[in-house]
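Remarks on the overall topology
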Amino acid sequence: MNPIFRAVLLGSLSTVVGCASMKGGTKPEPTEPTTPPPAASLVDNCDPTQKEIAKEGDALASPYGIDQHVAKNFANGKVSWLMTDSAYQKFVVQTGAKNFGRCNDVACYLFAAPSETIQGAVEKSKTADGKHDPAVLGQALGLPAKNFEGPLRMMTLDLADRKVCARLPVDADPGVWKCTTPEDKDCFKFGGYTSGGVPEIMVINAPVVDAQVAEIP
């Protein structure tokens, strides 16, 4: 091979290899970090009227609103509540109710607590004969024992799965009557907790068909 041609060829190969090496070592352009989408709020499921009430409630409780309250006290996203069997038959079964709670022309309003709290209180109140002790149940929930006399029904609803509207309870909600003394029970104090210290939220239009119902003898 001609020495001059061989030198040119080797020089060309070196240039190609060098360019390939440089190309392979090029670092990719940095990308902007992506911001995770905000967690869904139960208020997103509310109509404009309830969203406005939720906004007012959160403002009163600021900086602690419904989303922080749910994250802290309703970890599994489920709520439960209790009714006497007689009330369940009268207001739900006999009327063919579609939603739980006290209803007006706007919506049906239901106070509900964390499922784990209600279920734990029920378990604690069970007696040897398979029934429940109203006094023990009332003490566990910070409410009068008379509220739990006789057979009960325990309803459980998965808020996230059913996409139900929920917010902090406010003074103007149906069924609210304020505490007048520190000793009062079964009365309302603003802030997301019952007078007995149990976390609660206001569920709007809790559907009867979607609730799991358990009998408590």
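Residues numbered from 1 in each chain as written. Predicted model: local features only at pLDDT ≥ 70, side-chain atom pairs only at ≥ 80, totals over all residues. Heavy atoms only, no water.

Next up on the list: helix α5 (residues 115-125). Every buried residue belonging to α5 is among Ser115, Ile118, Ala121, Val122 and Ser125, and all of these are buried. Taken down its axis, α5 places every buried residue within 140° of arc, on the same side. Residues of α5 that are exposed and point more than 90 degrees away from the buried face comprise Glu116 and Lys124. The secondary structure elements touched by the buried residues of α5 are β1 (78-84), β4 (108-114), α6 (134-141), β5 (152-158) and β9 (212-216). (Buried < 20%, exposed > 50% of the residue type's maximum accessible area, 1.4 Å probe, protein only. Helix = DSSP H or I, 4+ residues; strand = E, 2+ residues; numbered from the N terminus. Arc of directions from axis to C-beta. Contact = heavy atoms within 4.5 Å.)

Let us look at the packing of α5 against α6. One way to put it is that α5 packs onto α6 with a least axis distance of 8 Å and a crossing angle of 150°. The pairing of α5 with α6 is recorded here as roughly antiparallel in orientation. Note on packing geometry: the crossing formed by α5 with α6 is right-handed. Contacts from Thr117, Ile118, Ala121, Val122, Lys124 and Ser125 in α5 reach Val136, Leu137, Ala140 and Leu141 in α6. When its residues are assigned to classes, the contact of α5 with α6 shows 7 nonpolar, 2 polar and 1 charged. (Axes fitted to C-alpha atoms, helices over the stretch in contact; angles between N-to-C directions. Parallel < 35°, antiparallel > 145°, perpendicular 65-115°, else oblique. Left-handed = near helix turned anticlockwise from the far one by under 90°. Nonpolar A, V, L, I, M, F, W, Y, C, P; charged D, E, K, R; others polar.)

Right, let's get into the confidence of the model for the chain. Per-residue confidence for the chain gives a mean pLDDT of 85, with 82% of residues at or over 70. Confidence over residues 3-23 falls short of pLDDT 50; this stretch has 1 contact with residues more than four positions distant or in other chains. (pLDDT = per-residue confidence, 0-100.)

Quick look at the packing of aromatic side chains now. Counted by the stated rule, this structure contains 1 aromatic pair. Arranged with centres 5.1 Å apart and planes meeting at 75°, the rings of tryptophan 81 and phenylalanine 100 form a pair that is edge-to-face. Of this pair, tryptophan 81 sits in strand β1 while phenylalanine 100 sits in strand β2 (residues 99-100); the two residues are 19 residues apart in sequence, bridging distant segments of the chain. We note that tryptophan 81, like phenylalanine 100, is buried. (Phe/Tyr/Trp six-rings, centres within 6.5 Å; stacked < 30°, edge-to-face > 60°.)

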